[in-house]
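Below are the chains, spelled out letter by letter.
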Amino acid sequence: MSFVYLDGAWLRPEEALIPVGDRGFLLSDGIYEVTPAYRGRFFLMERHRARLLRGMCELRIDADITRVERVHEELLDRNELRDAEISYVYLQITRGVAPRSHAFPTDPVAPTVYAFAREYVRPSLERWNAGFDAITVPDRRWARVDIKTISLLPNVLAQQAAVDAGVKDALLVRDGVALEGAHNNFFAVFGETVVTHPNSNVILPGITRGYVVELARELGLEVEERPIQVEELARADEAFFTGTTTEIRPTVEIDGRPVGSGAVGPVTRRLFAAFIERLERHAAAR
Ligand SMILES: Cc1ncc(COP(=O)(O)O)c(C=O)c1O
């Protein structure tokens with residue numbers, strides 16, 4: 001039996017209802033965060049919390065999130081996910097319910113806070129070893145995608161384009177630059193150099209991205225945070241996406257053309273092995 005959290009109440013999903021005046025529903029006026037847990041232990045929780053707080057500041061949504069960690073923990077318990085290999089909590093905060101107008105409500109309203117937990121199943125090692133494919137899709141998003149807003153229509157359409165093309169990921173391209181995926185960050189590998197777009201207003205500062213950059217440096221790999229031209233992909237040896245529900249996903253084909261040899265490469269393998277080892281250690285410390 002599953003339970004969700006809505007404004008202080010624990011409810012069955014079908015009982016959790018949002019008023020039609022909610023600004024998230026009417027105007028996409030809200031923010032979200034997704035935090036993973038490995039065998040019931042949240043991973044990089046402080047970084048996810050910091051990104052959430054930064055987004056709330058940017059959007060001037062004033063919610064009390066002092067109990068947010070407690071809600072995360074309770075979601076795992078109430079949904080019997082404490083022993084799941086991988087699970088995650090989705091948390092969404094909207095500006096709240098008010099008569100529809102573009103500007104913020106003049107009388108302060110309570111933000112709407114909603115959260116649910118789910119299990120995530122990693123692809124089998126056999127599937128991972130085969131690698132995944134992607135297509136490039138024009139980036140049609142706004143100029144502040146560094147804020148994790150619930151306004152995701154261009155991401156939805158890009159991901160659907162990938163589904164329609166029968167591939168796994170959508171690589172968003174703007175002005176000839178490969179920025180990130182529709183719901184994950186993108187890396188290309190040239191020899192022993194790992195390259196990803198620098199954090200700025202044109203990508204989401206992925207928590208997994210940051211962690212993988214640190215991990216790559218620890219493994220002695222060169223890391224360059226710079227724009228990746230789409231034309232460069234023809235010369236890339238390897239490519240992969242990162243994200244909370246992507247982890248490290250190797251891409252062996254983009255727009256029907258092989259990346260490097262067309263097989264998962266050694267740098268991606270090293271990074272993934274080290275990543276899994278860290279997660280194991282993290283989970284074991286529970
Ligand atoms: C557009 C976009 N880029 C990157 C990411 C990856 O971020 P994280 O590693 O924090 O999950 C996400 C995650 O939802 C995303 O939506």
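Predicted model only: the values in this text are computed from it and were never measured.

What counts, and where the lines are drawn
Residues numbered from 1 in each chain as written. Predicted model: local features only at pLDDT ≥ 70, side-chain atom pairs only at ≥ 80, totals over all residues. Helix = DSSP H or I, 4+ residues; strand = E, 2+ residues; numbered from the N terminus. Rg over C-alpha atoms; globule rule 2.2 N^0.38 Å. Buried ≥ 20, exposed ≤ 12 C-beta atoms within 10 Å, placed from the backbone. Expected span 1.5 Å × (residues − 1). Arc of directions from axis to C-beta. Contact = placed C-beta atoms within 7 Å. Pairing = 2+ DSSP bridges. Right-handed = clockwise from strand over helix to strand, strands pointing away. Axes fitted to C-alpha atoms, helices over the stretch in contact; angles between N-to-C directions. Parallel < 35°, antiparallel > 145°, perpendicular 65-115°, else oblique. Nonpolar A, V, L, I, M, F, W, Y, C, P; charged D, E, K, R; others polar. Near = placed C-beta within 6 Å. Domains from an automatic or database assignment.

A. Examining the overall build of the chain more closely. The number of helices and strands found in the chain is seven helices and 16 strands. For a compact globule of 286 residues, the expected C-alpha radius of gyration is about 19 Å, and the chain comes in at 19 Å, within 12% of that figure. Expressed as a percentage of its 286 residues, the buried residues of the chain come to 37%.

B. How the structure looks around helix α2 (residues 45-59). Here α2 contains 15 residues, and its C-alpha end-to-end distance of 21 Å stays within 8% of the 21 Å for a straight helix at 1.5 Å per residue. Among the residues making up α2, those that are buried are His48, Arg51, Leu52 and Gly55. In an axial view of α2, the angular spread of the buried residues amounts to 100°, which keeps them on one side of the axis. In α2, those exposed residues whose orientation departs by more than 90 degrees from the buried face are Glu46, Ala50 and Cys57. At its buried positions, α2 is contacted by β3 (30-38) and α6 (207-218).

C. Here's a closer look at helix α3 (residues 68-78). Within the sequence span of α3, burial applies to Val68, His72, Leu75 and Leu76. Considered in projection along α3, the buried side chains sweep an arc of 95° and stay on one side of the axis. What points out from α3, more than 90 degrees from its buried face, is the exposed set Arg70 and Asp77. The inward-facing, buried residues of α3 abut β1 (4-6), β3, β4 (41-42), α2, β5 (86-94) and β6 (112-119). Among the residues trailing α3, Glu80 stands out with phi positive, at a value near 55°.

D. Molecular detail of the pairing of strand β8 (residues 169-174). Pairing analysis gives five bridges linking strand β7 (residues 132-138) to β8, with the strands arranged parallel. Its bridge partner being in β8, Val137 is matched across the sheet by Leu172. The handedness of the β7 to β8 crossover, carried by helix α5 (residues 153-165), is right-handed. Between the antiparallel neighbours β8 and strand β9 (residues 177-181) lie two residues, among them Asp175 with a positive phi of about 50°.

E. Representation of the packing of α6 against helix α7 (residues 266-284). The N-to-C vectors of α6 and α7 enclose an angle of 110°; their axes lie 10 Å apart at closest approach. The angle between α6 and α7 places the two elements in the roughly perpendicular class. Residue-level inspection shows Val212, Leu215 and Ala216 of α6 in contact with α7, the latter providing Leu271, Ala274 and Phe275. When grouped by side-chain class, the residues that make up the contact of α6 with α7 number six nonpolar, no polar and no charged.

F. Fine view of the site of the ligand. Within the structure, the ligand sits among 14 residues, and Gly206, Ile207, Thr208, Gly243 and Thr244 are positioned closest to it. Elements represented by at least two residues in the shell around the ligand include exactly α6 and β14 (238-243). No other element matches the three residues that α6 contributes to the shell around the ligand. Considered class by class, the residues forming the shell around the ligand number three nonpolar, nine polar and two charged.

G. Region of the structure containing the sheet that holds strand β2 (residues 9-11). In spatial order, the strands read β2-β1-β6-β5-β3-β4; together these six strands make up an open sheet with antiparallel pairing. Since the sheet does not close on itself, it has two edges, and those belong to β2 and β4, each with one partner. Here three bridges tie β1 to β2, and the two strands are oriented antiparallel to one another. Bridged to Tyr5 within β2 is Trp10. Against the sheet, α2 makes contact with β3, β4 and β5, and its axis sits at roughly 180° relative to β3, the strand it touches most.

H. Focus on the domain arrangement of the chain. Along its sequence, the chain is organised into domain 1 (4-119) and domain 2 (125-284). For domain 1 versus domain 2, the distance between C-alpha centres works out to 26 Å. With 21 residues of domain 1 in contact, the opposing surface of domain 2 contributes 13 residues. Among the secondary structure elements, those contributing two or more residues to the side of domain 1 that touches domain 2 are β3, α2 and β5. If you tally residues by element for the side of domain 1 that touches domain 2, the top one is β3, at seven residues. Partitioning the side of domain 1 that touches domain 2 into residue classes produces nine nonpolar, six polar and six charged.

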